[in-house]
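The primary structure of each chain is shown beneath.
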Amino acid sequence: MVRRPVAFVTAIVLFVEAVGIVIVNGVLATVAGNQSMSLAGMDPDAMVTGTWVMGGVSGVLLVLCGLIPLLAGIRDRAPGRFARIALIACAVVHGVLGAFAVGLIGWAAFAFLMVVLALIVLTLVAYDRREPEAGKAGAEQAPAPV
């Protein structure tokens, strides 16, 4: 089946994206600090600290979202309710960021975000709740032929 490889690829992509987000926010914090940038009179040190915190929090959240498909691939079981909600939220965020990325960054960033979105959705769909197998407890038996 395709489920396990898709889950592993999704996890790897989310881990790489987490590292990328932290690096991008680190670069932005360094530039803001070197230029003494502020927004509407805000202290430049607050801008630098806020950028580092945002990068760290985003990276941690992406790593946590990456652990969900990794564990699903290792166990070959569907994620639980909370894990599915977390993956759905991660997919929605990628969709919204993709819409913003077209105008702000370009089509390459949009394409990357849509690939990540597709991997997350494919992981969710591939590990959909299974029907009980015939002969096991909870499965309905087919009527006997007449």
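Owing to the predicted nature of the structure, the values given are computational and were not obtained by experimental measurement.

What counts as what
Residue numbers restart at each chain and count upward from 1, following the sequence in its written direction. The predicted nature of this model means local features are confined to residues of pLDDT at least 70 and side-chain atom pairs, given and counted, to a pLDDT of 80 or more, with totals for whole chains, interfaces and linings taken over all residues. Values shown for side chains rest on all heavy atoms present in the structure; no hydrogens or waters enter the calculation. Strands here are runs of E lasting at least two residues and helices are runs of H or I lasting at least four, both read from the DSSP assignment and numbered beginning at the N terminus. Contacts described as polar in this section are N or O atom pairs within 3.5 Å, which, within protein, must combine one atom able to donate a hydrogen with one able to accept it, while residues neighboring in sequence count only if both atoms come from side chains. What makes two residues a contact is simply this: any of their non-hydrogen atoms within 4.5 Å. The span expected for a helix works out to 1.5 Å for each residue beyond the first. In this analysis an axis means a line fitted to C-alpha atoms, helices contributing only their contacting stretch, and an angle means the value between N-to-C directions, from 0 to 180 degrees. Just so you know how the angles are binned, under 35 degrees is roughly parallel, over 145 roughly antiparallel, 65 to 115 roughly perpendicular, and the rest oblique. Take the far helix as the reference: if the near one is turned anticlockwise from it by less than a right angle, the crossing is left-handed, and if turned clockwise, right-handed. In this classification, Asp, Glu, Lys and Arg are treated as charged, Ala, Val, Leu, Ile, Met, Phe, Trp, Tyr, Cys and Pro as nonpolar, and every other residue, Gly included, as polar. Like charges within 9 Å and nonpolar side chains (Val, Leu, Ile, Met, Phe, Trp, Tyr) within 5 Å are joined into patches, using only residues over 30% in relative accessible area that form no salt bridge. Note that accessible areas follow from Shrake-Rupley with a 1.4 Å probe, and for residues the cover is restricted to the protein chains shown. A side-chain nitrogen of Lys or Arg and a carboxyl oxygen of Asp or Glu constitute a salt bridge if their distance falls within 4 Å. A simple rule labels every residue: compare its accessible area, found with a 1.4 Å probe on the protein chains alone, to the largest value its type can have, and call it buried under 20%, exposed over 50%, or partly exposed in between. Picture the helix axis, draw a direction to every C-beta atom, and the arc is the one those directions span. Here is the rule: rings of Phe, Tyr and Trp (six-membered ring for Trp) pair when centre to centre is within 6.5 Å. Planes less than 30 degrees apart are stacked, more than 60 are edge-to-face, and the remainder are tilted.

## Structural notes on unusual backbone geometry
So, point 1. Phi is positive for Asp-76, close to 55°, though the residue is something other than glycine.
So, point 2. Examined against the element boundaries, Asp-76 turns out to sit in the loop between α2 (44-75) and α3 (81-104).

## Overview of the side chain of Thr-123
So, point 1. Along the polypeptide, Thr-123 turns up in helix α4 (residues 107-126).
So, point 2. One polar contact links the side chain of Thr-123 to the main-chain carbonyl oxygen of Leu-119, over a distance of 2.8 Å.
So, point 3. Those residues in contact with Thr-123 that sit more than four places away from it in its chain are Val-6, Ala-7, Thr-10 and Pro-69.

## With respect to helix α1 (residues 3-34)
Since there are 3.6 residues in each turn of an α-helix, residues three or four apart along the chain are aligned in direction.
So, point 1. Here α1 contains 32 residues, and its C-alpha end-to-end distance of 46 Å stays within 8% of the 46 Å for a straight helix at 1.5 Å per residue.
So, point 2. Backbone geometry just after α1 places Ser-36 at a positive phi near 50°.

## Notes on the packing of α1 against α4
So, point 1. It is the contact of α1 with α4, at a shortest axis distance of 9 Å, that shows an interaxial angle of 140°. One finds that α1 runs oblique with respect to α4. Between α1 and α4 lies a crossing of left-handed hand. Of the residues in α4, those touching α1 at Arg-3, Val-6, Ala-7, Val-9, Thr-10, Val-13, Leu-14 and Glu-17 are Phe-112, Leu-113, Val-116, Leu-119, Ile-120, Leu-122, Thr-123 and Ala-126.
So, point 2. Among the residues making up the contact of α1 with α4, the classes are represented as 12 nonpolar, two polar and two charged.

## Section: a nonpolar patch on the surface
So, point 1. Taken together, the side chains of Phe-8, Val-53, Val-57, Val-60, Leu-61, Val-63, Leu-64, Leu-67, Leu-71 and Ile-74 make up a nonpolar region of the molecular surface, amounting to roughly 820 Å² of accessible area.
So, point 2. Ranked by residue count, the leading element in the nonpolar patch is α2, at nine residues.
So, point 3. Looking at the secondary structure, you find Val-63 in helix α2.

## Things to note about the pattern of salt bridges
So, point 1. Applying the stated criterion across every chain, the model contains one salt bridge.
So, point 2. With a shortest N-O distance of 3.3 Å, Arg-3 and Asp-76 are connected by a salt bridge. Residue Arg-3 is found in helix α1, and its partner Asp-76 is found in the loop between α2 and α3; the two are separated by 73 residues along the sequence.
So, point 3. With relative accessibility at 24%, the residue Asp-76 sits in the partly exposed group.

## Let's talk about α4
So, point 1. The first and last C-alpha atoms of α4 sit 28 Å apart over 20 residues, in line with the 28 Å expected at 1.5 Å per residue.
So, point 2. Within α4, the full set of buried residues consists of Leu-113, Val-116, Leu-117, Leu-119, Ile-120, Thr-123 and Leu-124. Projection of α4 onto a plane perpendicular to its axis shows the buried side chains occupying an angular sector of 155°, all on one side. Turned more than 90 degrees away from the buried face of α4, the exposed residues are Trp-107, Ala-108 and Val-125.
So, point 3. Looking at the buried residues of α4, the elements they touch are α1, α2 and α3.

## Quick notes on the packing of aromatic side chains
So, point 1. All chains considered together, the criterion is met by one aromatic pair.
So, point 2. The interplanar angle of 85° and the centroid separation of 5.4 Å between the aromatic rings of Trp-107 and Phe-110 together place this pair among those described as edge-to-face. With Trp-107 and Phe-110 both in helix α4 and three residues apart, this pair spans about one turn of that helix.
So, point 3. Residue Trp-107 is classed as exposed on the basis of its relative accessible area of 60%.
So, point 4. Residue Phe-110 is classed as partly exposed on the basis of its relative accessible area of 24%.

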